[in-house]
Amino acid sequence: MKNAAIKFRSGISRFDTWLASAAGWIVMIMMVTITYDVIMRYAFKMPTKWSFEFNEYFLLAVVFLAGAWTLPAGGHVNVDLLYRRFSQRGQAILELITCSLAIIFLALYTWQGIRFTLDAFVQGTKSAEYMAVLQWPIRSFMVIGAILLCLEFIFRLSHYIGILHSGGIKEMKREET
């Protein structure tokens, strides 16, 4: 059972890393399309109609695709000023509370995101912008990102439960795969 959990976590970690890499490539595409739009707008007085809309969607994808990878990488905001004042045990308890609240929030967010995405799918909702892009694929980034981030918080929660149970403090770092 423990091996299956480790394999599952490792698989999710590899998937998170792959999505974060994809998000990095999306940022590169954003840079090219924004540069193209600026050149067309100011050098040729011919602004694009699609660049702004697509870059909005790209930005949404970047945030949600890389969010789950960012947590174990230590990239999420932490209030060190208060956190460092606690003992290691106090820090672990604070992490348990934080993880539990994040899991509750993300579970609710995922549930609402699924409803929001399914509604767009059923209704065939399209953007009101020039490109009239179907919205359900765009909204699905929010659901995927929230599920993966929730899983990362569950992994983190189990880590800190183990720390408190064993009485030992050890660093939680991303497993290199």
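Now for a description of the structure that goes with this document. (Residues numbered from 1 in each chain as written. Predicted model: local features only at pLDDT ≥ 70, side-chain atom pairs only at ≥ 80, totals over all residues. Heavy atoms only, no water.)

### A word on helix H1 (residues 2-43)
Test applied: In DSSP terms, a helix is any run of H or I states spanning at least four residues, a strand is any run of E spanning at least two, and both are numbered starting from the N terminus. Multiplying 1.5 Å by the helix residue count minus one yields the expected span of that helix.
Along its 42 residues, H1 runs 61 Å from first to last C-alpha, staying within 8% of the 62 Å computed at 1.5 Å per residue. Just downstream of H1 lies Lys 45, where phi reads positive at about 55 degrees.

### Quick look at the packing of aromatic side chains
Heads up, the rule is: Here a Phe, Tyr or Trp ring, Trp counted by its six-membered ring, pairs with any other such ring whose centre lies within 6.5 Å, and the pair is stacked when the planes are under 30 degrees apart, edge-to-face when over 60, and tilted otherwise. Whether a residue is buried, partly exposed or exposed follows from its accessible area with a 1.4 Å probe, protein chains only, as a fraction of its type maximum: under 20%, in between, or over 50%, in that order. Only lysine NZ and arginine CZ atoms are considered, and such an atom sits over a ring when it is within 6 Å of the ring centre and within 35 degrees of the ring normal.
Inspection of the entire model under this criterion finds eight aromatic pairs. Pairing Phe 15 with Trp 18 gives two aromatic rings, centres 6.3 Å apart and planes at 10 degrees, and the pair type is stacked. Of this pair, Phe 15 and Trp 18 both sit in helix H1, three residues apart, which is roughly one turn of the helix. A relative accessible area of 39% means that Phe 15 is categorised as partly exposed. Taken together, the ring pairs in this structure connect Tyr 36, Trp 50, Phe 54 and Phe 58 into an aromatic cluster. The ring of Trp 111 carries the charged tip of Arg 115 above its face, separated from the ring centre by 5.4 Å.

### Notes on the nonpolar core
Using the following cut-off: In this description, a nonpolar core means a group of buried Ala, Val, Leu, Ile, Met, Phe, Trp, Tyr and Cys residues linked to one another through side-chain atoms lying within 4.5 Å. Here a residue-residue contact requires only that any non-hydrogen atoms of the pair lie within 4.5 Å.
By size, the foremost hydrophobic cluster in this structure holds 15 residues, and its most contacted members are Ile 103, Leu 106, Leu 149, Phe 153, Leu 157 and Tyr 160. Within the residue set of this core, elements represented by two or more residues are helix H4 (88-123) and helix H5 (135-166). In terms of residue count, H5 provides more of this core than any other element does, seven residues in total. Those residues in contact with Ile 103 that sit more than four places away from it in its chain are Cys 150, Phe 153, Ile 154 and Leu 157. Ranked by size, the runner-up nonpolar core spans 14 residues in total, among them Ile 12, Leu 19, Ala 20 and Val 62.

### Some remarks on the environment of Ile 144
Tracing the backbone shows Ile 144 in helix H5. For Ile 144, a relative accessible area of 35% translates into the label partly exposed. In this structure, the C-alpha to C-alpha distance between Ile 144 and Leu 82, residues 62 residues apart in sequence, is 32 Å.

### Overview of a nonpolar patch on the surface
This is how it is decided: Exposure above 30% relative accessible area and no salt bridge define the residues that can form patches, which grow by joining like charges within 9 Å and nonpolar side chains of Val, Leu, Ile, Met, Phe, Trp and Tyr within 5 Å. Working definition of accessibility: Shrake-Rupley area with a 1.4 Å probe, residue cover restricted to the visible protein chains. The rule for a salt bridge is simple: a side-chain nitrogen of Lys or Arg has to be within 4 Å of a carboxyl oxygen of Asp or Glu.
The grouping of Ile 93, Ile 97, Leu 101, Ile 104, Leu 108 and Trp 111 at the surface amounts to a nonpolar patch, some 610 Å² of accessible area in total. If you trace the backbone, Leu 101 turns up in helix H4.

### Focus: the state of the cysteines
As a reminder of what qualifies: Cysteine sulfur atoms are paired as a disulfide whenever they fall within 2.5 Å.
Counting across every chain of the model gives zero disulfides. As a non-bridged cysteine, Cys 99 has Cys 150 as the owner of its nearest cysteine sulfur, 10 Å distant. With a relative accessible area of 12%, Cys 150 lands in the buried category.

### Observations regarding the pattern of salt bridges
All chains considered together, the criterion is met by two salt bridges. In this structure, Arg 41 engages Asp 37 in a salt bridge whose closest nitrogen and oxygen atoms are separated by 3.4 Å. Pair noted here: Arg 41 and Asp 37 are both in helix H1, with a separation of four residues, about one helical turn. When the shortest N-O distance is used, the salt bridge between Glu 95 and Arg 156 registers 3.2 Å. Here Glu 95, found in helix H4, pairs with Arg 156, found in helix H5; they are 61 residues apart in sequence, far enough to count as distant. Like Glu 95, the residue Arg 156 is buried in the burial classification.

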